[in-house]
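Close look at the chain arrangement
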Amino acid sequence: MVIRTVLGDISPQELGVCDAHDHLFLRSRQLPGRELDDVAAARAELEAFRAAGGAAVVQWTPHGMGRRAADLAALSRATGVHLVCATGLHQAAHVAPELTAGLRGRLAEVFVTELTEGIGTTGVRAGLIKVAGGFHTLDAHARWTMAAAAEAHHATGAPIAVHLELGTGALDVLDLLCGALDVPGDRVILGHLNRSPDAVTQRQAAASGCWLAFDGPSRTHHATDWQMPAGVRALAEAGFGDRLLLGGDTVTAGARSVDGGPGMPYLLRRLRPRLAAELGPELVDRILTDHPGRVFSVDWA
């Protein structure tokens, strides 16, 4: 079982303190003028994260959204931070229609190629598959991408990370991926659960064996941020403390710490001690180290 980083495969024990959901680069039609597309800023952000005690970042930016895979290996070498890159496809609204049209009939093949051979000519292999649901629903595009993700998972063993729109639709995603498409629960990561603090749904999702990712803060959804620590504690007390992940989810240039936002260091500078007060430092340490090591490690086929 190894984790596929942009510099090659490593053991889970080598990963270290991990931001399990973030972005160094990201371009979206929904965020014009706010792109993460600056290599120097990305390096500075990684250096700031490293200085705060971080050792690894999992970049969830999927196919067609400016992930700049060719730059990731040099950034990892320069900063000493392990980087894991994603394949996958986001909601249709974020991606150029012509790109989506060109993937019809071969989406799973593209995912498998990027996981096993590399992304284009970069030599960088992806280590996870990222897809997305909608707001309380799964449209035809989401079902298509999730079916391709499941096919690629069955071919490779790669984990599937899911963007939940405003934190909703978790149970529909699990019905599809783990039910109809037969993906094991422990190979699925549900993102953005802090944005919909529904304790009942979160416990039901955790019971499937999937991973629950709490990733923020978010300016758009800051009203739920204060509820997150208590919600995470409730999950731990219900017996699901071993299914939790934490990330920063920096999606715009203004959200980077080097550009005046909270950025990646916030995860360790502010969120870590806040959660340690709720959960105890030992569990928080496991969430930041052991848990990413487990979910992103694969017996690659």
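Up top is the structure these notes are about.
Residues numbered from 1 in each chain as written. Predicted model: local features only at pLDDT ≥ 70, side-chain atom pairs only at ≥ 80, totals over all residues. Heavy atoms only, no water.

Digging into the overall build of the protein chain
- Helix and strand counts for the protein chain stand at 11 helices and 12 strands.
- The C-alpha radius of gyration computed for the protein chain amounts to 17 Å, which stays within 12% of the reference 19 Å derived for 301 residues, consistent with globular compactness.
- Seen through its principal axes, the protein chain has C-alpha atoms that stretch 50 × 40 × 40 Å.
- Within the span of the protein chain, comprising 301 residues, buried residues form 55% of the whole.
- For the protein chain, restricting intrachain contacts to residue pairs at least 6 apart in sequence, the fraction spanning at least 24 positions comes to 76%.
- When the accessible surface of the protein chain is totalled, it reaches about 11500 Å², and 51% of it is carbon and sulfur. (Helix = DSSP H or I, 4+ residues; strand = E, 2+ residues; numbered from the N terminus. Rg over C-alpha atoms; globule rule 2.2 N^0.38 Å. Buried < 20%, exposed > 50% of the residue type's maximum accessible area, 1.4 Å probe, protein only. Contact = heavy atoms within 4.5 Å. Areas by Shrake-Rupley, 256 points an atom, 1.4 Å probe, with all protein chains shown as cover.)

Structural notes on unusual backbone geometry
- Unlike most non-glycine residues, Arg68 shows phi in positive territory, near 50 degrees.
- Among the secondary structure elements, Arg68 is positioned in the loop between β4 (56-59) and α2 (69-79).
- You will see that His136, though not glycine, has its phi angle at about 60 degrees, which is positive.
- Considering the arrangement of structural elements, one finds His136 in the loop between β7 (128-132) and α5 (140-156).

Let's talk about the pairing of β7
- Counting buried residues along β7, 5 of its 5 residues qualify, which places the element largely inside the surrounding structure.
- Residues Leu128, Lys130 and Ala132 point to one face of β7 and Ile129 and Val131 to the other, with burial holding for every one of them.
- Summarising the sheet, strand β6 (residues 86-88) and β7 pair through 3 bridges and their orientation is parallel. Its bridge partner being in β7, Thr87 is matched across the sheet by Ile129. (Pairing = 2+ DSSP bridges.)

Things to note about the sheet that holds strand β3 (residues 18-22)
- On the basis of which strands lie adjacent, the open sheet formed by 3 strands has the order β3-β4-β5 and parallel pairing. One side of each edge strand has no neighbouring strand; the edge strands of this open sheet are β3 and β5 (82-84). Ignoring strand direction, the axes of neighbouring strands in this sheet form an average angle of 15 degrees.
- Pairing between β3 and β4: 3 bridges, direction parallel. Within β4, the position partnered with Cys18 by the bridge is Ala56. (Axes fitted to C-alpha atoms, helices over the stretch in contact; angles between N-to-C directions.)

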